[in-house]
Amino acid sequence: MPSEYYALRLEGVLDVVRLVMRHSDKVSSFGCGVVAGPEVGFMHKKDLGYSLKKYYVGMAAGVHADCRLGECVSLFLEPRFTFVPY
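So, here's what we can say about the structure. Sequence order as written defines residue numbering, which begins from 1 separately in each chain. Local features in this predicted model are restricted to residues of pLDDT 70 or higher, and side-chain atom pairs are both shown and tallied only at a pLDDT of 80 or more, whereas totals for entire chains, interfaces and linings draw on every residue. Heavy atoms throughout the structure, all of them, feed into the side-chain values; hydrogens and water do not.

1. Brief notes about the pattern of salt bridges
Thought 1: Whenever Lys or Arg places a side-chain nitrogen within 4 Å of a carboxyl oxygen from Asp or Glu, that contact is recorded as a salt bridge. If you walk through the whole model with that rule in mind, you get six salt bridges.
Thought 2: For the salt bridge of arginine 80 with glutamate 11, the shortest nitrogen-to-oxygen distance reads 2.4 Å. Highlighted residues: arginine 80 in strand β6 (residues 80-83) and glutamate 11 in the loop between β1 (3-9) and β2 (12-15), separated in sequence by 69 residues.
Thought 3: In this scheme, a residue with accessible area under 20% of its type's maximum is buried, one over 50% is exposed, and one in between is partly exposed, where area comes from a 1.4 Å probe on protein chains only. Judged by relative accessible area, arginine 80 falls into the partly exposed class, the value being 31%.
Thought 4: Each of the salt bridges in this network shares a partner with another, and the network as a whole consists of Arg9, Glu11, Glu39, Glu78 and Arg80. What counts as a helix is a DSSP run of H or I of at least four residues, what counts as a strand is a run of E of at least two, and both are numbered from the N terminus.

2. A few points about a nonpolar patch on the surface
Thought 1: Residues enter patches when they are more than 30% accessible in relative terms and free of salt bridges; like-charged ones are connected within 9 Å and nonpolar ones (Val, Leu, Ile, Met, Phe, Trp, Tyr) within 5 Å. All accessibility values rest on the Shrake-Rupley procedure with a 1.4 Å probe; residue burial counts only the protein chains present in the view. Taken together, the side chains of Leu14, Val16, Leu19, Val20 and Val34 make up a nonpolar region of the molecular surface, amounting to roughly 430 Å² of accessible area.
Thought 2: Here the nonpolar patch gets three residues from one element, more than from any other, and that element is helix α1 (residues 16-20).
Thought 3: Looking at the secondary structure, you find valine 20 in helix α1.
Thought 4: You can call valine 20 exposed: its relative accessible area is 62%.

3. Some words on the packing of aromatic side chains
Thought 1: Pairing of aromatic rings covers Phe, Tyr and the six-membered ring of Trp, with a centre-to-centre limit of 6.5 Å; geometry is then stacked below 30 degrees between planes, edge-to-face above 60, and tilted otherwise. Tallying each qualifying case throughout the model produces one aromatic pair.
Thought 2: Each ring, one from phenylalanine 42 and one from tyrosine 55, has its centre 5.0 Å from the other, and the planes form 55°; the classification is tilted. With phenylalanine 42 in strand β3 (residues 30-46) and tyrosine 55 in strand β4 (residues 51-68), the pair connects residues that are 13 residues apart, well separated along the chain.
Thought 3: For phenylalanine 42, a relative accessible area of 22% corresponds to the partly exposed category.
Thought 4: Taking the relative accessible area as the measure of exposure, tyrosine 55 reaches 71% and is therefore exposed.

4. Looking at the environment of valine 35
Thought 1: Mapped onto the fold, valine 35 is located in strand β3.
Thought 2: Each C-alpha atom, one on valine 35 and one on glycine 12, is 5.7 Å from the other, the two residues being 23 residues apart in sequence.
Thought 3: Between two residues, a contact is recorded if the distance between any of their heavy atoms is within 4.5 Å. Not counting the four nearest positions on each side in its chain, valine 35 is found in contact with Glu11, Gly12, Val13, Ala60, Ala61, Gly62, Val63, His64 and Glu78.

5. Section: the state of the cysteines
Thought 1: Here, the term disulfide refers to a pair of cysteine sulfur atoms separated by no more than 2.5 Å. Here the structure, examined in full by the defined rule, presents zero disulfides.
Thought 2: No disulfide involves cysteine 67; its sulfur sits 12 Å from that of cysteine 32, the nearest cysteine.
Thought 3: Between cysteine 72, a cysteine without a disulfide, and cysteine 67, which holds the nearest cysteine sulfur, the sulfur-to-sulfur distance is 15 Å.

This is the structure:
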């Protein structure tokens, strides 16, 4: 059945690799961190017998791995999960 989700997410990243290596002389081009923050959104789900329209508040979390290719360019991988109590 068709459904629509609209969300606004505010997240912060704690880069664990750069935090541990900040006193080291080596400059790492790799980083890895934890991503977390609140999420507010609206969902509209249609089913055979009813239509559900709800606002929700949830928590988003993930892991952030990145590689700096240059001064201005980075590639990153960020799998994430959203926990919504409904």
